[in-house]
Amino acid sequence: MPACSQAKSTKNIPFHLNQKKSSEKLSLDELSHKVEDLIFAATNELHHEHKLVTLKTEKLLVETARDHSQDMLKRNYLSHFSPEGKSVVDRYRKRAGKVERSLGENLHTISSSQGLYDPEAIAKLMMNDWVHSPSHRENLLAKQFTALGLGCASDGERIFCTQVFAGPEGK
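First, a word on what this report is: a plain description of the structure on this page. Just so it is clear, the structure is predicted and the values come from calculations on it, not from any experiment.

So, how was this worked out
Residues numbered from 1 in each chain as written. Predicted model: local features only at pLDDT ≥ 70, side-chain atom pairs only at ≥ 80, totals over all residues. Heavy atoms only, no water. Buried < 20%, exposed > 50% of the residue type's maximum accessible area, 1.4 Å probe, protein only. Helix = DSSP H or I, 4+ residues; strand = E, 2+ residues; numbered from the N terminus. Arc of directions from axis to C-beta. Pairing = 2+ DSSP bridges. Salt bridge = Lys/Arg side-chain N within 4 Å of Asp/Glu carboxyl O.

**Some remarks on helix H3 (residues 88–96)**
Taken together, the buried positions of H3 are Val88, Val89, Arg91 and Tyr92. Relative to the axis of H3, the buried residues are bounded by an arc of 165° and lie together on one face. Looking at the residues trailing H3, positive phi occurs at Gly97, about 90°.

**Some thoughts on the pairing of strand S2 (residues 103–111)**
When you tally the buried positions in S2, you get seven out of nine residues, the bulk of the element. Where S2 lies against strand S4 (residues 158–166), nine bridges are found, and the strand directions are antiparallel. When the bridges of S4 are listed, Gly104 appears paired with Phe165.

**What about the pattern of salt bridges?**
Throughout the structure, instances matching the rule amount to 12 salt bridges. Linking Glu58 and Arg101 is a salt bridge whose minimum nitrogen-to-oxygen distance equals 2.9 Å. Residue Glu58 is found in the loop between helix H1 (28–49) and helix H2 (59–75), and its partner Arg101 is found in the loop between H3 and S2; the two are separated by 43 residues along the sequence. Judged by relative accessible area, Arg101 falls into the buried class, the value being 2%. Between Glu84 and Arg75 there is a salt bridge, with the nearest N and O atoms lying 2.7 Å from each other. Overall, Glu84 belongs to the exposed group, its relative accessible area being 52%. Note on Arg75: relative accessible area 35%, which makes it partly exposed. Connected through salt bridges with shared partners, the residues Lys59, Glu63, Asp67 and Arg95 form a single ionic network.

Written out as structure tokens, the structure reads:
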């Protein structure tokens, strides 16, 4: 049975999203995908700083992460478990058929009644919060993880992001 490392909820993360106005108007999908790209790059930058392997992306991990973020946005919850009790292992197994690797998951959501439009500010705040949360940082720097799938979903005022980490197959 693979190990499943799941970061616990951080209750009192300080919140300050300092968005910069841009002339470029991104669609909701463009905003979400840009945040994904920025978080992926920042996670690998953190890996390089700590002399860890460069995380690869995998289609199944990205799909697993995006589907969970979309579900949390649609049904307005933030949890490692769906309302039906499904975990990251269940979500991955749905696509892969079996799970023969370690998995971990980080979640985050940001909301702003003024709207979300600055992917750099969103990604920076999420990474800062994860890095300063011991359980999330543990997933970010876990040596057993070699792959990462990122998925974000936004409605313009809220964004949910999921990181799904995975170790090598068979481990």
